[in-house]
Amino acid sequence: MVEMQKGHFPLEQFKEIKTPFYYYNTDVLKRTLDLVCKEAKVFDQYCVHYALKANTNPNVLTLIQSYGLGADCVSGGEIQAALNAGFNPKKIVFAGVGKADWEIELALQHDIFCFNVESKPELEVINELASKHNKIAQVCLRVNPNVGAHTHANITTGLQENKFGIGLTELKEVIDYALEAKSIHWIGLHFHIGSQIIDAGDFVALCNRINTIQAYLEAHRIQVGHINVGGGFGIDYANPNRQPIPDFKSYFETYDSRLKLRPHQTIHFELGRSIVGQCGSLISRVLYVKRGAKKQFVILDAGMTELIRPALYQAYHKIENISSDKEIESYDVVGPICESSDVFGKSIDLNKTNRGDFIAIRSAGAYGEVMASHYNCRELPQAYISNDFED
Ligand code: LLP
């Protein structure tokens, strides 16, 4: 059931601003961060890293950084963005199947906490570059645990067929190399099975697999200090008003009860969507309401160039007409881009809509602004945080 309640927006101030734009509610973000920090305390030794790929808006980053979170980066650009926002390099992890030499060198130069390494060839290059710069690179090996996640196929990462991580059959060989390599300090294991996971059973399956791997390694007298379980915790796209803050208590409790951490081990998380997803909305104006023979279309000034998730993953985002409280009608809500897939939602119940109305596309704080493009020579969207409207 999709709720009909609407979010609160400073509509009068929106009228002064060029649309489309992203709007981030700092109150929601702060309440989310408060809860993450509180509930993660269930672990003795832990670090929650914010996955920058979800949103790199500088205001958002600065706020997240102020809570002391670490940063999970997947490119040199993200490492730079994390450093600019004040994240502690000692809490930066760097993942990705294809790290370029300059990116590895940037990470070495700033002595980041660790590289999440995805293959032996990558490990060899990091060893070489670290040795060249007289550095020791701290490394976690990313394991492909062959655990599926009940989410969209495009955002599942932990299966054998996916490009990510080191296969279980190769793991021992890569560990042996990591232990030998002079400029590598191997400190742990990294996992990530996918994104927008709402079935806790998927995380339980990951825990079981990690428990088996740890037991196997200990049988070979190998112990590690760090277990990074990645991110992937999903949000409630259907009910952003009723459930704006994800249930971090049960998320962390799943890991606490199912993962057999050793007394000396630190657990790491890489959370993106669950931290920033619900604080953001894409705000646009209605350009036209077009009445066809069978349906009516609301044509927005925002399109897949600003928010590609519906077109790319058939993702659902709640859509609200925040200017109207007239009777409900059914519309297909579309963008102006010359692509048939430029649709935000079909048969959507909206208050009767007219040209000029403001439409909020909700739960767009994660993988929204960061995935915007210039397609059709469009400008990238501006972004505002709620503090911008306070006097
Ligand atoms: N760690 C690793 C290694 C990852 O690959 C990802 C996401 C995360 C952490 C953060 O996952 P999260 O907590 O945000 O689920 N563009 C897609 C999502 C791609 C996710 C890629 N990896 C979307 O819009 O749904």
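Every value quoted in this text rests on a predicted model; they were computed, and no experiment measured them.

**Observations concerning the overall build of the protein chain**
- Tallying secondary structure elements over the protein chain gives 11 helices and 17 strands in all.
- Scaling as 2.2 N^0.38, a compact globule of 391 residues should have a C-alpha radius of gyration of about 21 Å, and the protein chain matches this with 22 Å.
- Seen through its C-alpha atoms, the protein chain measures out along the principal axes to roughly 70 × 40 × 40 Å.
- Considering the protein chain as a whole, with its 391 residues, one finds that 58% of them fall into the buried category.

**Here's the deal with empty space enclosed by the protein**
- By the definition in use, this model includes 1 cavity of 30 Å³ or more.
- In this structure, the largest cavity spans a volume of roughly 30 Å³.
- Taken together, Gln214, Leu217, Glu218, Ile222, Gln223 and Val224 make up the full set of residues lining the largest cavity.
- Grouping the constituent residues of the lining of the largest cavity by class yields 3 nonpolar, 2 polar and 1 charged.

**As for the domain arrangement of the protein chain**
- The domain architecture assigned to the protein chain consists of domain 1 (11–22 + 278–389) and domain 2 (27–275).
- Taken together, the contacts link 21 residues of domain 1 with 22 residues of domain 2.
- Counting each side, the surface lost to burial between domain 1 and domain 2 is near 1,900 Å², with a carbon and sulfur contribution of 53%.
- Our count for the domain 1 to domain 2 interface comes out at 0 salt bridges.
- At the surface where domain 1 touches domain 2, the tally comes to 7 residue pairs in polar contact (both at pLDDT 80 or more).
- With 3 residues, the single largest contributor to the side of domain 1 that touches domain 2 is helix H11 (residues 309–313).
- Each residue belonging to the side of domain 1 that touches domain 2 can be placed in one class, and the counts come to 9 nonpolar, 7 polar and 5 charged.

**Some details on the layout of surface pockets**
- Volume-wise, the second largest pocket comes out at about 310 Å³.
- Elements with a minimum of two residues in the lining of the second largest pocket: helix H8 (200–219) and helix H9 (248–258).
- Per-element accounting of the lining of the second largest pocket gives the leading share, 3 residues, to H9.

**A closer look at the pairing of strand S6 (residues 137–144)**
- Buried residues dominate S6, accounting for 7 of its 8 residues.
- Bridge analysis of strand S5 (residues 114–117) against S6 gives 3 bridges, and the strand direction is parallel. Bridge pairing in S6 links valine 117 to leucine 141.
- Taken together, S5, helix H6 (residues 120–132) and S6 constitute a β-α-β crossover, and its handedness is right-handed.
- Where S6 lies against strand S8 (residues 184–190), 6 bridges are found, and the strand directions are parallel. Across the sheet, the residue bridging to cysteine 140 is glycine 188, located in S8.
- With 2 bridges joining them, S6 and strand S7 (residues 166–167) adopt parallel strand pairing. In the strand pairing of S7, asparagine 144 is matched with glycine 167.

**Re the packing of helix H4 (residues 76–84) against helix H5 (residues 101–109)**
- Running from amino to carboxyl end, H4 crosses H5 at an angle of 25 degrees, the nearest separation of the two axes being 9 Å. In terms of orientation, H4 lies roughly parallel with respect to H5. On H5, the residues touching Gly76, Gly77, Ile79 and Gln80 of H4 are Trp102, Glu103, Leu106 and Ala107.
- A per-class count over the contact of H4 with H5 returns 4 nonpolar, 3 polar and 1 charged.

**Some thoughts on the packing of H8 against H9**
- Across the interface, H8 lies against H9 with an axial gap of 10 Å and an inter-helix angle of 30 degrees. The pairing of H8 with H9 is recorded here as roughly parallel in orientation. Between H8 and H9 lies a crossing of right-handed hand. Seen from H8, the contacting residues are Ala200, Phe203, Val204, Leu206, Cys207 and Asn211; seen from H9, they are Tyr251, Thr254, Tyr255 and Arg258.
- Residue classes in the contact of H8 with H9 are distributed as 7 nonpolar, 2 polar and 1 charged.

Basis of the calculations
Residues numbered from 1 in each chain as written. Predicted model: local features only at pLDDT ≥ 70, side-chain atom pairs only at ≥ 80, totals over all residues. Heavy atoms only, no water. Helix = DSSP H or I, 4+ residues; strand = E, 2+ residues; numbered from the N terminus. Rg over C-alpha atoms; globule rule 2.2 N^0.38 Å. Buried < 20%, exposed > 50% of the residue type's maximum accessible area, 1.4 Å probe, protein only. 1 Å grid on protein atoms, 1.4 Å probe; cavity = no way out; pocket = protein on both sides within 12 Å on 5 of 7 lines; lining within 4 Å. Points joined across faces, edges and corners; volume = space filled by probe spheres on them. Nonpolar A, V, L, I, M, F, W, Y, C, P; charged D, E, K, R; others polar. Domains from an automatic or database assignment. Contact = heavy atoms within 4.5 Å. Buried area = accessible area lost by both parts, 1.4 Å probe. Salt bridge = Lys/Arg side-chain N within 4 Å of Asp/Glu carboxyl O. Polar contact = N/O pair within 3.5 Å; in protein donor to acceptor, adjacent residues only side chain to side chain. Pairing = 2+ DSSP bridges. Right-handed = clockwise from strand over helix to strand, strands pointing away. Axes fitted to C-alpha atoms, helices over the stretch in contact; angles between N-to-C directions. Parallel < 35°, antiparallel > 145°, perpendicular 65-115°, else oblique. Left-handed = near helix turned anticlockwise from the far one by under 90°.

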